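Inside the fold
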Amino acid sequence: MTSKKESILVIGGGISGMTTAIEAAEVGREVFLVETDPYLGGRVARMNKYFPKLCPPWCGLEINLRRIRQNPKIHVFTYTDVTSIDGEVGGYRATLMERPRMVTEACTSCGDCTPACPVERDDDFNYGMARTKAIYLPFMMAHPQRYVIDEAACPGEECGKCVEACKYEAIDLAMKTRETKIEVGKVVFATGWQPYEAEKIDNLGFGKLENVVTNVMMERLAAREGPTGGKILRPSDGKEITSIAFVQCAGSRDENHLPYCSTVCCMASLKQATYVREAHPEASAEIFYIDLRTPGRHEDFLKAREKDEKLTLTKGKVAEITEDPSTKNLTVVAEDVQGGSLVRREVDMVVLATGMVPNGVARELISTVETDDNGFVASDEKIGVIAAGVTTGPMDVSTSVQQGTAAALKAMISE
Ligand SMILES: Cc1cc2nc3c(=O)[nH]c(=O)nc-3n(C[C@H](O)[C@H](O)[C@H](O)COP(=O)(O)OP(=O)(O)OC[C@H]3O[C@@H](n4cnc5c(N)ncnc54)[C@H](O)[C@@H]3O)c2cc1C
C-alpha cells in the first residue's frame with residue numbers, strides 16, 4: 001500500500017486522465033480515477049477515427065482500459081462527482097459522490113431490459129441526434145460494460161418493467177447516491193473540454209438551419225455505430241449528401257467568442273472530409289479556412305488530402321449561411337481571398353469547426369488553482385495540483401497522452 005500522502009486523485013477519465021492513472025499506478029501509487037460520465041474514455045470515445053493514422057479510437061483506448069482493469073491500485077469511480085476538496089499538498093481530503101446508476105455489477109449487458117423500458121431520452125453520447133431508452137448502455141464498447149438508468153427520464157418503481165425483464169436481478173431502482181471520502185497527497189485535473197456553443201455564432205445558423213451541424217456531431221454521423229449507421233445523411237430529410245462545406249474557426253480566433261485557436265480543428269476537418277469521401281465517393285467537399293494549421297508531421301496529412309480532386313480548400317472567412325426553405329439546401333457565402341471575389345456555394349450540409357472550451361471545475365474545488373483568461377488550468381506543484389490534457393490548453397490526443405504521463409511524474413516527484 002502507498003501512503004495517503006503518496007496517493008493521487010485524478011479527476012477526469014478521458015485519455016489524459018487515464019494515462020496519468022495508469023502511469024502512476026504501474027509504478028506503485030494508489031490512484032483514485034473519478035469520471036463524471038458513466039464510462040471512461042472522454043471525448044475520444046465519441047470519435048469515429050483518430051488523425052493522423054485514421055484508426056478507430058478503440059485502438060488506443062482498449063489497451064488503456066485493459067491496463068486499468070488489471071491494476072488493483074487504480075480505483076475507478078464512474079458516474080461520480082468530486083463535490084469538495086480541502087487540505088493541502090500531501091494531505092488533501094476529497095468527497096466523491098457516486099450517482100445512482102441503478103444497475104449493479106450483476107449486469108451482463110444482455111440488453112433484455114431495453115425493449116421492456118417504455119421511456120426514451122435524448123442520447124447525449126450521440127450529441128442528441130438519436131434517442132435511447134431510459135435504461136441504456138452508453139455505447140457498445142463502454143467501460144464499465146454495464147447499463148445505466150437516467151434518473152431524470154425513468155418513472156422509477158411505479159414502472160419497474162426493466163426489473164421484471166432482468167433475469168440477473170441487476171436492477172435496483174432504490175439505489176441511492178453513494179458518498180466516499182478519500183485522502184490523497186496530490187490532485188490531477190484532467191477534466192478536458194466541451195465544444196463551443198455553436199448557437200452563439202449568429203451568422204452561421206446552427207440551431208436554426210437543420211443541415212448545419214458541428215464537427216463533434218460529424219464524428220458521430222460518420223461512425224458505423226452512430227445514429228445513421230456511418231452514412232453521412234443530412235438531418236432535414238435523411239438524404240445522402242452530394243456536397244458538403246466545412247467552416248473553419250467557427251467562433252474561434254474571434255474576440256466575440258473564443259479568442260484562441262483550438263489547434264486541432266483544421267486536422268479534424270481534413271479528417272472528416274475523408275469520412276465524406278469514403279462514405280459517398282461521388283460527393284464533393286470544400287473547406288473554408290483562415291489559415292490551415294497542420295503543424296509538424298500533420299503536414300503530410302494535408303499533402304495527402306490535397307491530392308483529392310473532389311476536395312477544395314478555399315482561403316476565406318465565411319460571412320453567412322442561408323437556407324432555401326423549400327429544399328433545405330444551404331448557401332455558404334464567403335470571401336475567396338486568393339481568388340479576390342465573394343463566392344456563393346450551394347451545398348447539402350455544412351459542418352462548423354467549433355473549438356474546445358475547458359471544463360472549468362478545478363477552481364471551484366480548489367480556489368487557489370491558477371487559470372489563464374480562457375479558463376485553462378496551470379499546474380502548480382507547490383500546492384500539489386497538476387493539470388493534464390485539454391484542461392491545460394487545446395491539444396491533440398498524442399500531446400494529451402504526453403501530458404498525462406508528465407502529470408503522473410509531476411505528481412510523484414514533486415513531494
Ligand atoms: C471535432 C474534433 C475532432 C478531434 N479529432 C481528433 C483526432 O482525430 N486526433 C487527435 O489526436 N485529436 C483529436 N481531437 C482532440 C481530442 O479530442 C483531445 O485531444 C482529447 O479529447 C483530449 O483528451 P482529454 O482527456 O484531455 O479531455 P476529454 O476527452 O475531454 O476527457 C476529459 C474527461 O473528464 C471528464 N470530466 C469533466 N469534468 C469532470 C468532473 N468535474 N469530474 C469528473 N470528470 C470530469 C469528462 O467527462 C471526460 O471524460 C479532436 C477534437 C475535436 C474538437
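Quick caveat: nothing in here was measured; it's all calculated off a predicted structure.

**Quick notes on helix 6 (residues 265–279)**
- Here helix 6 is 15 residues long and its end C-alpha atoms lie 21 Å apart, about the 21 Å a rise of 1.5 Å per residue gives.
- Within the span of helix 6, buried status applies to Cys265, Cys266, Met267, Ala268, Ser269, Leu270, Lys271, Gln272, Ala273, Tyr275 and Val276.
- Here the buried face of helix 6 lies against helix 5 (215–222), strand 14 (243–250), strand 15 (284–289), helix 7 (298–306), strand 16 (311–315) and strand 20 (349–354).

**A short note on the site of the ligand**
- Surrounding the ligand, one finds 39 residues, the nearest of these being Gly12, Gly14, Gly42, Gly192 and Gly389.
- When contributions to the shell around the ligand are tallied by element, the ones reaching two or more residues are helix 1 (15–26), strand 4 (80–88), helix 5, helix 6 and helix 9 (397–413).
- Its residues placed into classes, the shell around the ligand shows 18 nonpolar, 14 polar and seven charged.
- The residue makeup of the shell around the ligand includes at least three contributed by each of domain 1 (4–98 + 177–192 + 359–413) and domain 3 (196–356).

**Thoughts on the nonpolar core**
- Core analysis: the largest hydrophobic core is formed by 63 residues, its most contacted members being Leu9, Val10 and Val188.
- In terms of residue count, helix 1 provides more of this core than any other element does, six residues in total.
- Shared between two domains, this core holds at least three residues of each, these being domain 1 (4–98 + 177–192 + 359–413) and domain 2 (100–176).
- For Val188, the contacting residues outside a window of four places in its chain are Ile8, Val10, Ile11, Thr20, Ile386, Ala388, Ala407 and Ala411.
- Judged by nonpolar contacts, the second largest core, of 55 residues, contains Leu313, Leu330, Val332 and Val357.

**Quick look at the sheet that holds strand 4**
- With antiparallel pairing, the three strands of this open sheet are ordered in space as 4-5-10. Only two strands of the sheet have a single partner each, and these edge strands are strand 4 and strand 10 (178–184). Across the sheet, the mean angle from the axis of one strand to that of its neighbour is 15°, orientation sign disregarded.
- In terms of strand pairing, strand 4 meets strand 5 (residues 91–98) through eight bridges, oriented antiparallel. Within the sheet, the bridge partner assigned to Ile85 lies in strand 5 and is Ala94.

**Topic: the pairing of strand 3 (residues 74–77)**
- Relative to strand 3, strand 2 (residues 31–34) runs parallel, the two sharing four bridges. Looking at strand 3, one finds that Phe32 is bridged to His75.
- For the segment spanning strand 2, helix 2 (residues 58–70) and strand 3, crossover handedness is right-handed.

**Section: unusual backbone geometry**
- Cis geometry is adopted by the peptide bond preceding Pro52, which originates at Phe51 and carries an omega value of 0°.
- Tracing the sequence through the fold places Pro52 in the loop between strand 2 and helix 2.
- Put simply, His143 and Pro144 share a cis peptide bond, and its omega is 0°.
- Here Pro144 shows up in the loop between strand 8 (135–136) and strand 9 (148–149).
- The phi dihedral of Cys249 is positive, around 50°, even though this residue is not glycine.
- The exposure class of Cys249 is buried, given the 24 C-beta atoms found within 10 Å.

**Things to note about the packing of helix 6 against helix 7**
- One can describe the packing of helix 6 onto helix 7 by two numbers: an axis separation of 11 Å at closest approach and a directional angle of 35°. Regarding helix 6 and helix 7, the two cross each other, and that crossing is left-handed. On helix 7, the residues touching Met267, Leu270 and Ala273 of helix 6 are His298, Phe301, Leu302 and Arg305.
- Taken together, the residues of the contact of helix 6 with helix 7 break down into five nonpolar, one polar and one charged.

**What about the domain arrangement of the protein?**
- According to the domain assignment, the protein consists of domain 1 (4–98 + 177–192 + 359–413), domain 2 (100–176) and domain 3 (196–356).
- The distance between the C-alpha centroids of domain 1 and domain 3 comes to 32 Å.
- Between domain 1 and domain 3, the residue contacts involve 12 residues of the former and 17 residues of the latter.

**Structural notes on helix 1**
- Taking 1.5 Å as the rise per residue, helix 1 with 12 residues should run 16 Å; its terminal C-alpha atoms sit 16 Å apart, in good agreement.
- For helix 1, a buried count of 11 out of 12 residues is recorded, marking the element as mostly surrounded by other parts of the structure.
- Regarding helix 1, the residues found buried are Ile15, Ser16, Gly17, Met18, Thr19, Thr20, Ala21, Ile22, Glu23, Ala24 and Ala25.
- Residues of helix 1 that are buried in the fold lie against strand 1 (8–11), strand 2, helix 2, strand 3, strand 11 (186–189) and helix 9.
- A positive backbone phi angle near 105° is found at Gly28, which sits one or two residues after helix 1.

**Focus on the pairing of strand 5**
- Here strand 4 folds back onto strand 5 in antiparallel fashion, the turn holding two residues, of which Gly90 has a positive phi close to 90°.
- Across seven bridges, strand 5 lies against strand 10 in antiparallel orientation. For Met97, the partnering residue across the bridge sits in strand 10 and is Glu179.

Analysis parameters
- Residues numbered from 1 in each chain as written.
- Predicted model: local features only at pLDDT ≥ 70, side-chain atom pairs only at ≥ 80, totals over all residues.
- Helix = DSSP H or I, 4+ residues; strand = E, 2+ residues; numbered from the N terminus.
- Expected span 1.5 Å × (residues − 1).
- Buried ≥ 20, exposed ≤ 12 C-beta atoms within 10 Å, placed from the backbone.
- Contact = placed C-beta atoms within 7 Å.
- Near = placed C-beta within 6 Å.
- Nonpolar A, V, L, I, M, F, W, Y, C, P; charged D, E, K, R; others polar.
- Domains from an automatic or database assignment.
- Core = buried A, V, L, I, M, F, W, Y, C linked by C-beta atoms within 7 Å.
- Pairing = 2+ DSSP bridges.
- Axes fitted to C-alpha atoms, helices over the stretch in contact; angles between N-to-C directions.
- Right-handed = clockwise from strand over helix to strand, strands pointing away.
- Left-handed = near helix turned anticlockwise from the far one by under 90°.

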